[in-house]
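Each chain, letter by letter, is given below.
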Amino acid sequence: MDAALLGSGDIELAGRIASASNGTFLGSIGDTYVVYKPIAGEKPLWDFPDGNLAHREVAAYLVSETLGWNVVPRTWLRDGPLGEGMVQFWQEPDAEQATVDLVAESAVPATGWRHVFDGTDDYNNAVSLIHEDSAALRRMAVFDAIANNADRKGAHILPMPDGHRFGVDHGLTFHAEHKLRTVLWGWIGDELDAAELAGIETVRTALDTDLGDALAPLLTPRELAALAARCERMLRQKRFPAPRGDMPAVPWPLF
């Protein structure tokens, strides 16, 4: 679609996505379906600044593009029926695929999946949280560590019919303090591969040039410095990080 139309064409709202905690709408620009999150619909949070979750969503897309991994669907800021907000290409996931699951503790697959933790369900049955062991989810986990994603729920991972995995809902990212909360902890301590390290290095280098310029209107100087520091830490350690600090390591709900 023409970039001018995406930036200024009318957004026709089809309905509200009721499962979202902030004001989130399905709409269309011409024949293109989009998600629209107006800033006016953002609920105040005790641990994140007010009124800029949409900016963080756009920042997440810019980092994803710099990595070159297509983790985040195309996302941009623009005016809409309810004021300025984030607009993102709608992605229709494959309902037959699962990337994150809760299974009986005795039924964790031997291959193809990574174990995260064990617990009990509402009926006191022993269960395990697992996620797909794939290159696409590894890269998403690297992205989340860089972006300091505080809300990687299972439902925020969209399995596409062609095997690609998109990550969505990145309003709780880029905090200057450590906030990483994710269901993708299955690679703790594993070595990062050459392509993953190269992606992190690309982001770190670009923060001193074009990426840093693009992120400057969206994030604070302290948040940009913390982003650079996270990249540098991962490049030094060359491994997937482990949970740290007093905050919960996983979001709630998990899905």
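Preceding this paragraph is the structure being described.
### Focus: the overall build of the chain
Helix and strand counts for the chain come out as 6 helices and 10 strands. For 255 residues, the compact-globule estimate of 2.2 N^0.38 gives 18 Å, and the C-alpha radius of gyration of the chain, at 18 Å, lies within 12% of that figure. Projected onto its principal axes, the C-alpha positions of the chain cover 55 × 40 × 35 Å. For the chain, the proportion of its 255 residues judged to be buried stands at 49%. Contacts in the chain between residues at least 24 apart in sequence constitute 66% of all its contacts with a sequence separation of at least 6. As displayed, the chain offers around 12100 Å² of accessible surface, 52% of which is attributable to carbon and sulfur atoms.

### Observations concerning the pairing of strand 3 (residues 32-38)
Among the 7 residues in strand 3, 6 count as buried, and that is most of the element. Note: strand 2 (residues 25-29) against strand 3, 5 bridges, orientation antiparallel. Bridged to leucine 26 within strand 3 is valine 35. Once strand 2 ends, the chain turns through 2 residues before running back antiparallel as strand 3, passing glycine 30 with a positive phi of about 65°. Two strands pair when backbone bridges link them, and strand 3 and strand 5 (residues 85-89) are joined in this way by 5 bridges, in the antiparallel orientation.

### A short note on the packing of aromatic side chains
Applying the stated criterion across every chain yields a total of 3 aromatic pairs. Seen from their ring centres, phenylalanine 25 and tyrosine 36 are 6.3 Å apart, and the 40° between their planes marks the pair as tilted. Remark: tyrosine 36 occurs in strand 3 and phenylalanine 25 occurs in strand 2; sequence separation between them is 11 residues. Take phenylalanine 25 and tyrosine 36: they sit in the same class, and that class is buried. Judged by centre distance (5.6 Å) and plane angle (80°), the ring pair of tryptophan 76 and phenylalanine 89 falls under edge-to-face. Of this pair, tryptophan 76 sits in strand 4 (residues 75-78) while phenylalanine 89 is found in strand 5, placing the two residues 13 residues apart along the sequence.

### Section: the packing of helix 4 (residues 194-206) against helix 6 (residues 221-237)
Put simply, helix 4 and helix 6 touch, their axes get as near as 9 Å, and they point 150° apart. In terms of orientation, helix 4 and helix 6 fall into the roughly antiparallel class. Relative to helix 6, helix 4 is oriented so that their crossing is left-handed. On the side of helix 4, the interface is formed by Leu197, Ile200, Glu201, Val203 and Arg204, while helix 6 contributes Ala228, Cys231, Glu232, Met234 and Leu235. Classifying every residue of the contact of helix 4 with helix 6 by side-chain character gives 7 nonpolar, no polar and 3 charged.

### Remarks on the sheet that holds strand 6 (residues 100-104)
With antiparallel pairing, 3 strands are arranged side by side in an open sheet as 6-8-7. In this open sheet, the two strands that pair with only one neighbour each are strand 6 and strand 7 (113-120). Mean inter-strand twist for the sheet, computed between neighbouring axes without regard to direction, equals 30°. In the sheet, strand 7 pairs with strand 8 (residues 126-132) via 7 bridges, with the strands oriented antiparallel. Counterpart to arginine 114 in the pairing with strand 8 is histidine 131.

### Overview of unusual backbone geometry
Note that the residue after tryptophan 252, namely proline 253, is joined by a cis bond; omega there is -5°. Of note, asparagine 148 is a non-glycine position whose phi angle comes to about 55°, a positive value. With respect to the helices, strands and loops of the structure, asparagine 148 is situated in the loop between helix 3 (135-147) and strand 9 (157-159). By relative accessible area, which is 2% here, asparagine 148 ends up buried. Here lysine 238, not a glycine, exhibits a phi torsion of approximately 60°, which is positive. Within the element layout of this structure, lysine 238 appears in the segment after helix 6. The exposure class of lysine 238 is partly exposed, given its relative accessible area of 43%.

So, how was this worked out
- Residues numbered from 1 in each chain as written.
- Predicted model: local features only at pLDDT ≥ 70, side-chain atom pairs only at ≥ 80, totals over all residues.
- Heavy atoms only, no water.
- Helix = DSSP H or I, 4+ residues; strand = E, 2+ residues; numbered from the N terminus.
- Rg over C-alpha atoms; globule rule 2.2 N^0.38 Å.
- Buried < 20%, exposed > 50% of the residue type's maximum accessible area, 1.4 Å probe, protein only.
- Contact = heavy atoms within 4.5 Å.
- Areas by Shrake-Rupley, 256 points an atom, 1.4 Å probe, with all protein chains shown as cover.
- Pairing = 2+ DSSP bridges.
- Phe/Tyr/Trp six-rings, centres within 6.5 Å; stacked < 30°, edge-to-face > 60°.
- Axes fitted to C-alpha atoms, helices over the stretch in contact; angles between N-to-C directions.
- Parallel < 35°, antiparallel > 145°, perpendicular 65-115°, else oblique.
- Left-handed = near helix turned anticlockwise from the far one by under 90°.
- Nonpolar A, V, L, I, M, F, W, Y, C, P; charged D, E, K, R; others polar.

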